[in-house]
Amino acid sequence: MLSISEIKSLLATPQKIVITTHHKPDGDAMGSSLGLYAYLIQLGHHVKVITPTDYPYFLHWLPNNSDVIIYTEQPEHSAQLVAEAAMIFCLDFNSLTRINELGELVRVSNAYKLMIDHHLEPEDFDDYRHWSISACAAAQLVYEFIVDELGDGVRMNKDIATCLYTGLMTDSGSFRFPSATSAVYRMAADLIDLGAEHWKIHQLVYDNATENRLRFLGHCISNKLEILREFNTAIISVTKEELNQYNIATGDTEGIVNYALSINGIRLAAFIIERTDKVKLSLRSTGDFPANEICKKYFNGGGHRNAAGGFSDKNLEDTIAQFKSVLIEYKTQLLQ
Ligand code: 5GP
Ligand code: MN
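One structure accompanies this document, and this report is about it. Because the structure is a prediction, the values reported are computed rather than measured. (Residues numbered from 1 in each chain as written. Chains lettered and ligands numbered in written order. Predicted model: local features only at pLDDT ≥ 70, side-chain atom pairs only at ≥ 80, totals over all residues. Heavy atoms only, no water.)

Not every one of the 13 residues close to ligand 1 is listed here, only the nearest: His119, Lys280, Ser282, Arg284 and Ala308. Note that an oxygen atom of ligand 1 is positioned 2.9 Å from one of the side-chain N or O atoms of Arg284. Within the backbone of Ala307, a nitrogen or oxygen atom sits 3.5 Å from an oxygen atom of ligand 1. Taken together, the elements giving at least two residues each to the shell around ligand 1 come down to β10 (279-285), β11 (302-303) and β12 (307-312). Among the elements that line the shell around ligand 1, the one with the most residues is β12, at four residues. The class makeup of the residues in the shell around ligand 1 is two nonpolar, eight polar and three charged. (Near = heavy atom within 4 Å. Polar contact = N/O pair within 3.5 Å; in protein donor to acceptor, adjacent residues only side chain to side chain. Helix = DSSP H or I, 4+ residues; strand = E, 2+ residues; numbered from the N terminus. Nonpolar A, V, L, I, M, F, W, Y, C, P; charged D, E, K, R; others polar.)

Judged by pairing direction, the sheet is mixed, and its six strands sit side by side in the order β7-β8-β9-β10-β12-β11 without closing on themselves. Two strands lie at the open edges of the sheet, namely β7 (225-228) and β11, each paired on one side alone. In terms of strand pairing, strand β9 (residues 268-274) meets β10 through seven bridges, oriented antiparallel. Bridge pairing in β10 places Ala269 opposite Arg284. In the packing of helix α12 (residues 291-298) onto the sheet, the strands contacted are β9, β10, β11 and β12, and the crossing angle to β12 comes to about 20°. (Pairing = 2+ DSSP bridges. Contact = heavy atoms within 4.5 Å. Axes fitted to C-alpha atoms, helices over the stretch in contact; angles between N-to-C directions.)

Here's what the structure looks like:
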């Protein structure tokens, strides 16, 4: 394991650095990555952010977004950057399976691997770890890494603050989940003092929907919502054809699961979506109900207790049937 003083001495001279984050990056993945990027370029490093896949249009306004390389669009170039890197920062994920084909490239690379993450059960591939499951976002841990670990708070600037605020805001459900502690609010206040325009960030992320997205949301709620009162569970499922019909792009399905969870008495909500190669599940729960346990045990996934995901190789209909049969095992907890 690298000590923080070894990291400081590495960062004292210009290095080739890659920052990567989980596939289908969300606000925290992109916010923490571009926040760290904005810090490292100030030190004169040669830095690249490489995402495994594309990400939602409502994150494309983030500072330095145009410098991001998407692996699926530039696989050879990405592979070369990973192979030549001296340091690879792994943000907002802790298992190499979460970065698809990039995972194997990172595993075999000679670079130092630095994990900054807040997910359960980290895989053992790293040389340094700033990790805490109680952190509300990876962005919180990036802030701590720069300010507390490296002691370099003087280099915090508006770009870093804007990116990290975006990560805190999106992963904490706009500062409303239990993970949004008073320390997170203090951090957010500091980021606002550094220039993060909280009102503008909120608008750019949440009030930036396409017409398609809103009409699709209406369709999901009116026609596709199934409520299983006997399990305090709500399910929204959508087919490939429906995604095509509404011309759904990356990001358009974000957050739809939360509408199902917002129904009075519902403890568990599932958004089940038929993708080209597999069926993807997004689960959300309230209180101490372990959505991640269901994803891990039955759907090749995992995540946080109240926000988890996974996938199935079965067809949509069979996946929904399997999900419903799993609920029987959790009935007591769901009815508590
Ligand atoms: P979402 O439902 O937004 O896709 O994912 C919610 C959370 O569940 C993510 O932040 C991530 O922690 C976790 N998650 C989603 N999909 C997967 C998956 O396929 N594998 C694992 N291990 N975690 C996932
Ligand atoms: Mn996160």
